[in-house]
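# Working through the structure, step by step
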Amino acid sequence: MANLPILYSFRRCPYAMRARMAIYVNRISCELREVKLSNKPREMLLISPKGTVPVLQLENGEVLEESLDIVFWAFNLNNETKTYKNYKSNENKYNDLISIIDNSFKYNLDRYKYPDRYSDIDINFHRNECLKIIKDLNSILLRDKYLFSDQIGIADICIFPFIRQFRIADTRWFDEEMNMSAVLEWFLRINESKIFNKVMIKYEPWLENYKSVIFNNSQ
Ligand SMILES: N[C@@H](CCC(=O)N[C@@H](CS)C(=O)NCC(=O)O)C(=O)O
């Protein structure tokens, strides 16, 4: 296991899903340490005291403690690919869309999905705010199979885990009533893909057995 990057991850965290998908599609091997958020490993807190996952510790000791930093690091390792070149020539478009998901969409998603955590929440209002953003995704996806491309790339990987959370809040409504067919097809394509299924394999929390798990594209 020597000389592999170490990824601290939590299976159900959308930010960690992003990181795992980026590592997987870029065929990078790493040691995966599944974290229980209620019992974070001291080893992780020592390198990243803010205590959020994902955290990636590189072989040279450098620590990436934001999901987007991990995503861009992973894609940059394959910077000759069509996917990365497409990102580089449309950087603003990608970054603006990801930022809308991380800010406005996430804000409204939390209130739609977990109304009990806040006071005075109008679920329909927050669902509609999310829906406005989903409409924009739908128009982009009417043009291409994936976001700005005909193959899965940075924007899809960053955005999909949050759309998945939005769907989980009311799956029947999302699938049958939302009426955003391009988003639904895109969602199901990724949800049923080998990539997503591989990154959702369950592992025991690392602290419970200290067993090393190698995470890579050959599994
Ligand atoms: N901005 C961070 C956010 C990561 C984040 O908030 N992760 C959540 C889990 S989904 C977390 O670790 N929360 C800490 C906790 O619940 O103790 C990133 O993009 O990596």
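Everything that follows concerns the structure shown earlier in this document.
Before going into details, it helps to say that this report is about the structure given with it. What you see is a predicted model; the values in this text were computed from it and never measured.

## Some thoughts on the site of the ligand
In the region of the ligand, the neighbouring residues are Cys13, Pro14, Tyr15, Leu37, Lys40, Gly51, Thr52, Val53, Pro54, Glu66 and Ser67. Measuring from an oxygen atom of the ligand, one finds a side-chain N or O atom of lysine 40 at 2.6 Å. At a separation of 2.9 Å, an oxygen atom of the ligand approaches a polar backbone atom of valine 53. With the chains in place, 70% of the 520 Å² that the ligand exposes on its own is no longer accessible. Taken together, the residues of the shell around the ligand sort by class into six nonpolar, three polar and two charged.

## Digging into the side chain of asparagine 108
Take asparagine 108: it is sitting in helix 5 (residues 91-113). Accessibility expressed as a relative area gives 5% for asparagine 108, which makes it buried. Only 2.9 Å separates the side chain of asparagine 108 from the backbone oxygen of serine 104, close enough to count as a polar contact.

## Examining the pairing of strand 2 (residues 30-34)
Of all five residues in strand 2, five are buried; the element is thus mostly enclosed. Side chains of strand 2 alternate between two faces, with Cys30, Leu32 and Glu34 and Glu31 and Arg33 buried alike. The pairing of strand 1 (residues 6-9) with strand 2 spans four bridges and is parallel. Pairing of isoleucine 6 across the sheet is with glutamate 31, part of strand 2. Handedness of the crossover joining strand 1 and strand 2 through helix 1 (residues 14-25) is recorded here as right-handed. Sheet analysis places strand 2 next to strand 5 (residues 213-215), joined by three bridges and oriented antiparallel. The residue of strand 5 that forms the bridge with cysteine 30 is phenylalanine 215.

## Some points on the side chain of glutamate 34
Mapping glutamate 34 onto the fold places it in strand 2. For the buried glutamate 34, which has no salt bridge, the nearest side chain bearing the opposite charge is arginine 20, at an N-O separation of 5.3 Å.

## Overview of the pattern of salt bridges
Applying the stated criterion across every chain, the model contains 13 salt bridges. As a salt-bridge pair, arginine 18 and aspartate 102 come within 2.5 Å of each other at their nearest N and O atoms. Linking arginine 18 in helix 1 with aspartate 102 in helix 5, this pair joins segments that are 84 residues apart in sequence. Judged by its relative accessible area of 0%, arginine 18 is buried. Across the pair lysine 50 and glutamate 66 runs a salt bridge whose closest N-O atoms are separated by 2.9 Å. Within this pair, whereas lysine 50 is found in the loop between helix 2 (42-47) and strand 3 (55-57), its partner glutamate 66 is found in the loop between strand 4 (63-64) and helix 3 (67-76), the two being separated by 16 residues in sequence. One continuous salt-bridge network, built from bridges that share partners, spans Arg172, Glu176 and Glu177.

Basis of the calculations
- Residues numbered from 1 in each chain as written.
- Predicted model: local features only at pLDDT ≥ 70, side-chain atom pairs only at ≥ 80, totals over all residues.
- Heavy atoms only, no water.
- Near = heavy atom within 4 Å.
- Polar contact = N/O pair within 3.5 Å; in protein donor to acceptor, adjacent residues only side chain to side chain.
- Areas by Shrake-Rupley, 256 points an atom, 1.4 Å probe, with all protein chains shown as cover.
- Nonpolar A, V, L, I, M, F, W, Y, C, P; charged D, E, K, R; others polar.
- Helix = DSSP H or I, 4+ residues; strand = E, 2+ residues; numbered from the N terminus.
- Buried < 20%, exposed > 50% of the residue type's maximum accessible area, 1.4 Å probe, protein only.
- Pairing = 2+ DSSP bridges.
- Right-handed = clockwise from strand over helix to strand, strands pointing away.
- Lys, Arg positive; Asp, Glu negative; His and termini not counted.
- Salt bridge = Lys/Arg side-chain N within 4 Å of Asp/Glu carboxyl O.

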